[in-house]
Amino acid sequence: MFLSRFRVNAARPGSRRLLSSPQAMHAGVMSAFPHILPSDRPAPDSPRVLWRLDQRGHAEIMLFIVSPTRPDLTHLVEQAGWPAVATPEEPGWQTRPYAPFLDRLTPATQWGFRLTANPVHTIRRKEGEPRKLTAHLTPVHQMNWLLDDTRLTRLGFRILEKPAGRRALPAGTTQHKHPHHGDRYELAIRDTRSLNFSKRQGGPVTLLTVTFEGRLEITDPDAMRRTLTQGIGRGRAYGCGLLTLAPLTPGAV
């Protein structure tokens with residue numbers, strides 16, 4: 001497994017095309033793996049190509065990729081990077097083996113995390129109608145989607161709770177098993193986007209993405225390794241599902 005980081009040059013016309021369409025970015029990412037055909041589907045419970053865009057301002061846009069094999073991002077450098085300064089030693093992106101980090105994961109260790117996901121659920125609008133997949137629209141429901149006990153057990157981690165002195169429940173509320181707006185847990189929503197694009201075959205698509213940041217504790221290292229290499233939830237072809245970890249730093253989420 002490999003973890004790659006590519007800084008997007010937002011001033012390039014190619015960047016604007018890629019950033020405006022998850023379909024185009026997906027195609028750009030998958031072009032880094034010529035042995036994977038467009039018709040290929042990852043086998044269940046196997047590592048897959050995951051990607052995520054992190055935007056911290058107009059000029060600071062990072063593309064992260066987790067992949068079973070080492071990518072060649074030369075084409076992205078030419079479209080959306082800084083090709084004039086690329087060299088064989090510094091090609092315009094960084095790729096590191098991921099397995100050594102994954103192998104070091106142990107129970108009860110705590111990490112900061114970042115995840116862009118597509119929180120959805122199924123509803124039935126009328127009796128007798130088939131259930132329909134729909135996005136969670138409010139921060140409370142989006143957080144509760146991630147905080148679901150069954151989901152977290154399967155993923156191999158738990159979200160840390162805030163110390164009692166740092167909780168700030170609204171007046172008149174009580175401490176519920178699931179929190180209101182992250183008052184109980186080390187969890188925050190940093191970004192929410194509604195993406196609209198057209199698939200080449202299948203018509204228009206609307207995808208709601210939510211970027212979570214927080215602090216977690218590993219409960220099952222094997223499950224955590226699967227989560228980090230297989231992704232979380234739906235929309236993984238379009239920039240959702242990639243969870244990354246970072247050493248904890250002092251301060252609130």
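Notes on the structure follow. (Residues numbered from 1 in each chain as written. Predicted model: local features only at pLDDT ≥ 70, side-chain atom pairs only at ≥ 80, totals over all residues. Heavy atoms only, no water.)

1. Brief notes about the sheet that holds strand 2 (residues 50-55)
Taken together, the 4 strands give an open sheet; going across it, the order is 2-3-1-4, and neighbouring strands pair in antiparallel fashion. Both outer strands of the open sheet, strand 2 and strand 4 (94-97), are each paired with one neighbouring strand and no more. Along the sheet, successive strands turn relative to each other by an average axial angle of 15°, direction set aside. As judged from the 7 bridges shared by strand 1 (residues 2-8) and strand 3 (residues 61-67), these two strands associate in the antiparallel manner. What sits directly across from L3, in strand 3, is V66. Its contacts with the sheet put helix 2 (residues 22-30) on strand 2 and strand 3, and the angle it makes with strand 2 is roughly 125°. (Pairing = 2+ DSSP bridges. Helix = DSSP H or I, 4+ residues; strand = E, 2+ residues; numbered from the N terminus. Axes fitted to C-alpha atoms, helices over the stretch in contact; angles between N-to-C directions. Contact = heavy atoms within 4.5 Å.)

2. With respect to the environment of P97
Within the fold, P97 resides in strand 4. In this structure the C-alpha to C-alpha distance between P97 and L3, which are 94 residues apart in sequence, comes to 6.4 Å. Excluding its chain neighbours within four sequence positions, the residues that come into contact with P97 are M1 and F2.

3. Re the side chain of H75
With respect to the helices and strands, H75 occurs in helix 3 (residues 74-80). By relative accessible area, which is 18% here, H75 ends up buried. Looking at H75, its side chain comes within polar contact range of the main-chain oxygen of G28, at 2.6 Å. Of the polar contacts made by the side chain of H75, one reaches the backbone oxygen of D72; its length is 3.5 Å. If near-sequence neighbours (up to four positions away) are discounted, H75 is found in contact with G28, S31 and A32. (Buried < 20%, exposed > 50% of the residue type's maximum accessible area, 1.4 Å probe, protein only. Polar contact = N/O pair within 3.5 Å; in protein donor to acceptor, adjacent residues only side chain to side chain.)

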